[in-house]
Each structure stands twice: as structure tokens, then as C-alpha cells.
Amino acid sequence: MILIWGVDNFGIWIFLISVPAMLNFFNFNFTQAAVQEMTHFHTKGQVNKVKEIFQNSLVILMLNVLIFTIVILIFYFFSNFNLSAIENLPVNEFNIILLLLILSFYLDIISNSIMANVLQFQGKLYIEIYINNALDFISKLSIILTGIFFESLIYAALLFFIICILKSIIFIYYYYLNKIYLVFSLRKSSIKGVKKLFKLSLGHSAEMYKYKSAPKDWVCK
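Residues numbered from 1 in each chain as written. Predicted model: local features only at pLDDT ≥ 70, side-chain atom pairs only at ≥ 80, totals over all residues. Heavy atoms only, no water.

1. A closer look at helix α7 (residues 153–178)
- For α7, which comprises 26 residues, the first-to-last C-alpha distance of 37 Å matches the rise-based estimate of 38 Å (1.5 Å per residue) to within 8%.
- What α7 keeps buried is the set L153, I154, A156, A157, F161, I163, C164, K167, S168, F171, Y175 and N178.
- At the N-terminal end of α7, a side-chain oxygen is found 3.2 Å from the backbone nitrogen of I154, two or three residues along, and the residue is S152.
- I180, located one to two residues past α7, shows a positive phi value of around 45 degrees. (Helix = DSSP H or I, 4+ residues; strand = E, 2+ residues; numbered from the N terminus. Expected span 1.5 Å × (residues − 1). Buried < 20%, exposed > 50% of the residue type's maximum accessible area, 1.4 Å probe, protein only. Polar contact = N/O pair within 3.5 Å; in protein donor to acceptor, adjacent residues only side chain to side chain.)

Below is the structure:
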């Protein structure tokens, strides 16, 4: 990307792509706890319990997206973007690129938090891995090659957004192939179920954070 887009555009792109990643700190991981619970009850043949957990995870996801949206709005309206990394980028281009990247991030949250759950709790994680790896490679390669034909990073962001849409469509396709008895509904959701899943998710996230932040020698032991 440095060779084709140049150092300046590369620096701008790295900065902009890191903004959604930084905001991802406020996107709590409720997926894994839901998948584990769904897997547990699926193996026992408790269909209604799996449906209940899936629908409770939808409620938590909506609340999480709401909180994430509030954080984004606060960040956008109260942050100072007068940074040297983007001083040569016109304001209108900056707004368009940032909007496309954040929308892409939303699509990624939805596809990985809902659609991928259906694959994971049935032991079909390999499908998700193949899709993510293939499209990630295509996305990076396409963004690099886009610099041959265009000078504005808007086209790179637009291409990134289009590939995220494609990924969501593919996950939706696999969802309908593998959904078995799961449906998009909130009929079986409950405040009690949401609270329980929320507590399990916090514990899981804490364990993941503990593992990631631990010293390497501690992890090896």
C-alpha cells in the first residue's frame, strides 16, 4: 500500500481504520457466552432453551449497538481531529471515509454476532473462518490495487464497505442454510434471561482480557 498509495495516504488510512478499532473497546463480547450456552443445550436437545438464549443475545446486541452508537456520536462531536496525520485530508472526504468505515464496523458486528453464532453452536466454526479469511485477503488486496486507478481514499473506503456488505450477505446465506429451528424473534426473550446472559458474558470477557493481558511466561505455564 505504501508503494502504490504513498506514505501520506498510507498513514491517513492506518489512522482512520484504527478509529473503529479503538471504539471497539466499548463493543463488549456477548457472542462467545451465548454460543457456549446454545451449544450446551443443543447437545442436550433442549430446543426451546437454545431459542431463548439466541433471542436474549439479540436483545443484548441491540443494547450494545445503542451504547456503541452513543459512544461514536460523543467521539465524533467532542473529539479534536486537528491531527497531523489527517491535516492534508479535506473535511468532506474525512467525514465520508469515517462514515463508511464505521458502517462497515456495524455490519461486521451484526454478521459476526448473529449470523456466525448459528454456525458456531453447531460446530461449524470452519465456515466462519474460511469466509473471514478469504474476504479479509480480498479486501486488503483490492484496497491496495485501487490506488492504481484512484487517488482518493474514499474509493478504498467504499470498496472496504462493499466487501463488508458482501460478507454480511454470505453470512445471511449460511444462516438460512444452517438456522435449523432458530428465528429472528424476541418472543422467548426475557429480562431474567438477558440478565443471566449478561453476567455470563461479563465473566467470559474478563477471562479473555485476563488471558490477553497476562505475561507470556504466565500464559505458557
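2. Some details on the packing of aromatic side chains
- By the definition in use, this model includes seven aromatic pairs.
- Between W13 and F160, the aromatic rings sit 6.3 Å apart at their centres with planes inclined by 80 degrees, giving edge-to-face as the arrangement. A residue pair is termed long-range when its members are at least 10 positions apart, and W13 in helix α2 (residues 7–23) and F160 in helix α7 qualify at 147 residues.
- When its relative accessible area of 5% is taken as the criterion, W13 is described as buried. (Phe/Tyr/Trp six-rings, centres within 6.5 Å; stacked < 30°, edge-to-face > 60°.)

3. Comments concerning a nonpolar patch on the surface
- A surface patch of nonpolar side chains, amounting to about 1,100 Å² of accessible area, comprises L3, I4, F137, I138, L141, L145, I148, F149, F150 and Y155.
- Only α1 (2–5) and α6 (125–149) provide two or more residues apiece to the nonpolar patch.
- A per-element tally of the nonpolar patch places α6 first, with six residues.
- Note that F149 resides in helix α6.
- Among the residues examined, F149 registers a relative accessible area of 66% and is labelled exposed. (Patch = residues over 30% accessible without salt bridge, like charges linked within 9 Å, V, L, I, M, F, W, Y side chains within 5 Å. Areas by Shrake-Rupley, 256 points an atom, 1.4 Å probe, with all protein chains shown as cover. Salt bridge = Lys/Arg side-chain N within 4 Å of Asp/Glu carboxyl O.)

4. So, unusual backbone geometry
- Not every positive phi belongs to a glycine, and I180 is a case in point at roughly 45 degrees.
- Take I180: it is sitting in the loop between α7 and α8 (191–213).

5. Overview of the nonpolar core
- In this structure, F54, I97, F121 and L182 are the most contacted members of the largest nonpolar core, which totals 52 residues.
- Of all elements in the fold, only α2, α3 (31–43), α4 (47–78), α5 (91–120), α6, α7 and α8 reach the threshold of two or more residues within this core.
- Considering every element that reaches this core, the biggest residue donor is α5, with 14 residues.
- I97 has contacts with L16, L89, L153, I154 and A157, leaving out every residue within four places of it along the chain. (Core = buried A, V, L, I, M, F, W, Y, C linked by side-chain atoms within 4.5 Å. Contact = heavy atoms within 4.5 Å.)

6. Here's the deal with the pattern of salt bridges
- Going through the model one piece at a time under the given rule, you end up with three salt bridges.
- In this structure, K167 engages D108 in a salt bridge whose closest nitrogen and oxygen atoms are separated by 2.5 Å. On the criterion of sequence distance, the pair formed by K167 in helix α7 and D108 in helix α5 is long-range, its members being 59 residues apart.
- Here K167 falls in the buried class, since its relative accessible area comes to 11%.
- On the basis of relative accessible area, D108 is assigned to the partly exposed category, the value being 24%.
- K140 is paired through a salt bridge with D136; the nearest N and O atoms lie 2.7 Å apart. Taken together, the residues K140 and D136, both in helix α6 and four residues apart, mark about one turn of the helix.
- The exposure class assigned to D136 is partly exposed, which follows from its relative accessible area of 40%.

7. As for the confidence of the model for the chain
- Residue-level pLDDT values for the chain average 80, and 85% of them are 70 or greater.
- Per-residue pLDDT stays below 50 along residues 216–221; that stretch engages in three contacts with residues further than four places along the chain or on separate chains. (pLDDT = per-residue confidence, 0-100.)

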